[in-house]
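Here's the letter readout for the chains.
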Amino acid sequence: MQNVRRLPEGSGRNPWLELANNRDHKFAPLSELKESFDYVIIGAGFGGISAAARLSSLKPGASIAVIDAFKVGFYSSGRNAGFISKAQIAKAMVGIDRFTFDDQKWLLRLNNIVVDRIEQTIKDHDLKVEYRRDGMYKAVREDRNVKVLDELASFFDKLGVKYEHLGQSDLPARLGTSFYKAALYLDETILDNPAELIRGLATALPANVRVFENVPVIGVTGGAQPEITLADGQVIKTSRVILTVNSFIKEFAVADGHTANVTAIHSFAGLTRPLNDSELKDFAGVKPWGITATHPAGATLRFTPQKRIFVRTDIAFATYPNINPERLHKAERLLRRAFVRRFPKLEHVDFEYTYGGLISFTANSQSLFGEVGQNVYAGTTAAGWGVTNAAILGNFLADLIAGEDSEELRYIKDNYHPSYLPPEPLRTVGARGALWLKDLTAGSEV
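Cut-offs applied
- Residues numbered from 1 in each chain as written.
- Predicted model: local features only at pLDDT ≥ 70, side-chain atom pairs only at ≥ 80, totals over all residues.
- Heavy atoms only, no water.
- Helix = DSSP H or I, 4+ residues; strand = E, 2+ residues; numbered from the N terminus.
- Rg over C-alpha atoms; globule rule 2.2 N^0.38 Å.
- Buried < 20%, exposed > 50% of the residue type's maximum accessible area, 1.4 Å probe, protein only.
- Contact = heavy atoms within 4.5 Å.
- Areas by Shrake-Rupley, 256 points an atom, 1.4 Å probe, with all protein chains shown as cover.
- Axes fitted to C-alpha atoms, helices over the stretch in contact; angles between N-to-C directions.
- Parallel < 35°, antiparallel > 145°, perpendicular 65-115°, else oblique.
- Nonpolar A, V, L, I, M, F, W, Y, C, P; charged D, E, K, R; others polar.
- Phe/Tyr/Trp six-rings, centres within 6.5 Å; stacked < 30°, edge-to-face > 60°.
- Salt bridge = Lys/Arg side-chain N within 4 Å of Asp/Glu carboxyl O.
- Expected span 1.5 Å × (residues − 1).
- Patch = residues over 30% accessible without salt bridge, like charges linked within 9 Å, V, L, I, M, F, W, Y side chains within 5 Å.
- Pairing = 2+ DSSP bridges.

Draft legend 1. Representation of the overall build of the protein chain within the structure. Assigned secondary structure in the protein chain consists of 10 helices and 20 strands. What you see for the protein chain is a C-alpha radius of gyration of 21 Å, in line with the 22 Å of a compact globule of 446 residues. With 446 residues in all, the protein chain has 59% of them scored as buried. Counted over contacts in the protein chain with a minimum sequence separation of 6, partners at least 24 positions apart contribute 78%. Entry remark: accessible area of the protein chain is about 18100 Å², with carbon and sulfur atoms responsible for 50%.

Draft legend 2. Spotlight on the packing of helix α3 (residues 101–124) against helix α8 (residues 387–402). Their axes nearest at 9 Å, the elements α3 and α8 cross at an angle of 80°. Relative to α8, α3 is oriented roughly perpendicular. Between α3, through L107, L110, N111, I113, V114, V115, R117 and I118, and α8, the contact on the second element is made entirely by V387, T388, A391, I392, N395 and F396. A breakdown of the residues in the contact of α3 with α8 according to their chemical character gives 10 nonpolar, 3 polar and 1 charged.

Draft legend 3. View of the packing of aromatic side chains. With the rule as written, the count across this model stands at 17 aromatic pairs. With a centroid separation of 6.3 Å and an interplanar angle of 70°, the aromatic rings of F37 and F212 are classed as edge-to-face. Linking F37 in the loop between α1 (15–18) and β1 (39–42) with F212 in strand β9 (residues 209–212), this pair joins segments that are 175 residues apart in sequence. You'll find F37 and F212 in the same group, each marked buried. Ring plane angle 15° and centroid distance 5.6 Å describe the contact between F70 and Y75, whose orientation is recorded as stacked. Judged by its relative accessible area of 17%, F70 falls in the buried class. With relative accessibility at 17%, the residue Y75 sits in the buried group. One aromatic cluster in this structure is built from F283, W289, F303, F339, F343 and F351.

Draft legend 4. Here's a closer look at the pattern of salt bridges. By the definition in use, this model includes 24 salt bridges. A salt bridge links E130 to R302, with the shortest nitrogen-to-oxygen separation between them at 3.3 Å. Of this pair, E130 sits in the loop between α3 and β4 (131–132) while R302 sits in strand β16 (residues 300–303), and the two are 172 residues apart along the sequence. Here E130 matches R302 in class, with each residue buried. Residues participating in the shared-partner salt-bridge network are R109, E407 and E408.

Draft legend 5. Focus on α3. Helix length check: α3, at 24 residues, gives a terminal C-alpha distance of 35 Å against a target of 34 Å (1.5 Å per residue), a fit within 8%. Every buried residue of α3 is listed here: D103, Q104, W106, L107, L108, L110, N111, V114, V115, I118 and I122. On its buried side, α3 packs onto β3 (83–84), β4, α4 (143–159), α6 (194–203), α8 and α9 (407–415). Among the residues trailing α3, D126 stands out with phi positive, at a value near 50°.

Draft legend 6. Representation of a nonpolar patch on the surface within the structure. Nonpolar side chains collect at one region of the surface, where W436, L437 and L440 lie side by side and expose about 360 Å² of accessible area between them. With respect to the element layout, W436 can be found in helix α10 (residues 426–442).

Draft legend 7. Quick look at the pairing of strand β5 (residues 136–140). Of all 5 residues in β5, 5 are buried; the element is thus mostly enclosed. Both faces of β5 are covered, namely the face carrying M136, K138 and V140 and the face carrying Y137 and A139. In this structure, β5 lies alongside strand β7 (residues 182–186), joined through 5 bridges in antiparallel fashion. Residue K138 lies in a different strand from β7, and its bridge partner there is L184.

Draft legend 8. Quick peek at the sheet that holds strand β19 (residues 368–373). Strand order in the open sheet formed by 6 strands is β9-β2-β1-β13-β20-β19, with mixed pairing between adjacent strands. The outermost strands of the open sheet, each flanked by one partner alone, are β9 and β19. With direction set aside, neighbouring strand axes in the sheet form an average angle of 20°. Taken together, the 3 bridges between strand β13 (residues 240–243) and strand β20 (residues 376–380) define a ladder with parallel strand orientation. Each residue of the ladder has a partner; that of L243, found in β20, is A378.

Draft legend 9. Representation of unusual backbone geometry. Here the amide bond leading from E424 into P425 is cis, since omega sits at 5°, within 30 degrees of zero. You can see P425 is positioned in the loop between α9 and α10. Even without glycine at this site, N214 takes up a positive phi of about 55°. Mapped onto the elements, N214 comes out in the loop between β9 and β10 (217–221). The backbone of D314 shows a phi angle near 75°, a positive value even though the residue is not glycine. The residue D314 is located in strand β17 (residues 309–317) in this model.

Next up, the structure:
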């Protein structure tokens, strides 16, 4: 066994976790971390919790441990923008789009499966989490992107996805800003507090699943009986390991030969303090909303139920997974620029929270899925697909391990294979060039 080469580190203050109503929930005590479990899942994000939920339903008598280096919801699954959409469009963030129309139909089918399971869990356990069908706007500012929006509308028509087409005169009353020129509104999209949601889903796992927070794993050894080594030296034996650690999978030597084509970008976000009554004059009658851009480098925004404004923009290639504090400081300036562009009357409003996060991607925007070492399985998201992609990976890794068969699993096994990425330093040079070009073409969308 070789030790994990880098452990993840936090960057900035994650508002979703700090504001979550279940942030102080206590998961399993360390005294219950036994010397062996039937299955061990490393990473308690949407992939890991989905894998645990599905595996426990297929193997109700099995002992299952979910281990996370941080509090559940602290890292990537709790740092996203809080969008869950069945009508997600597969599009490369860096690289060439290689998705067929059939691929997109499969993605809609898979999204429906995992979102329905999340919603059933919320209902069955009466989870008190922020999970609202507020809808999403695909909005554009630049004239050249209006054509892209029209093409997206035609694509939705072919897929049978319902939307509302809005022009520039319609948007101020819906958004509280006159920044955007056109948008498509998809009312089926969920907006959530992602940290609160993933912690809630983790509390709903059955008794045969134990969730352990703040327990770093420093090594995984595959074999007939895999072993997991913790930072304190404890060794746990198991029959199967599931790694749902996204781009940090590269740090596990057991998977070196399978993960060379998985990499990541850094993304940055800010959340304001709650707006006061005078600051909300332009928001009279405005319901909470979320905006994503049609351009891969465009900013994502939300107006939350707590009357805060969320902004995510500025992406950088992650040669190293953890974020340098100086890079976060640079991002803060770009976040302010994006915020003031859209809400010039609120220029005086500060961000209460700013933070950075890690988004896995691959050259062809296809996830890594399957066995990466003897009895060691992994799933890594790709191209910012987010919650639904992570949940798909977790659900179907459980099916794969349990011997379940389905059309969906066969499709995933056939297609979820990252394409080749060159080694360093060519990888960083190429990715930085691609990101620079995307920023340049995005214009004021960032």
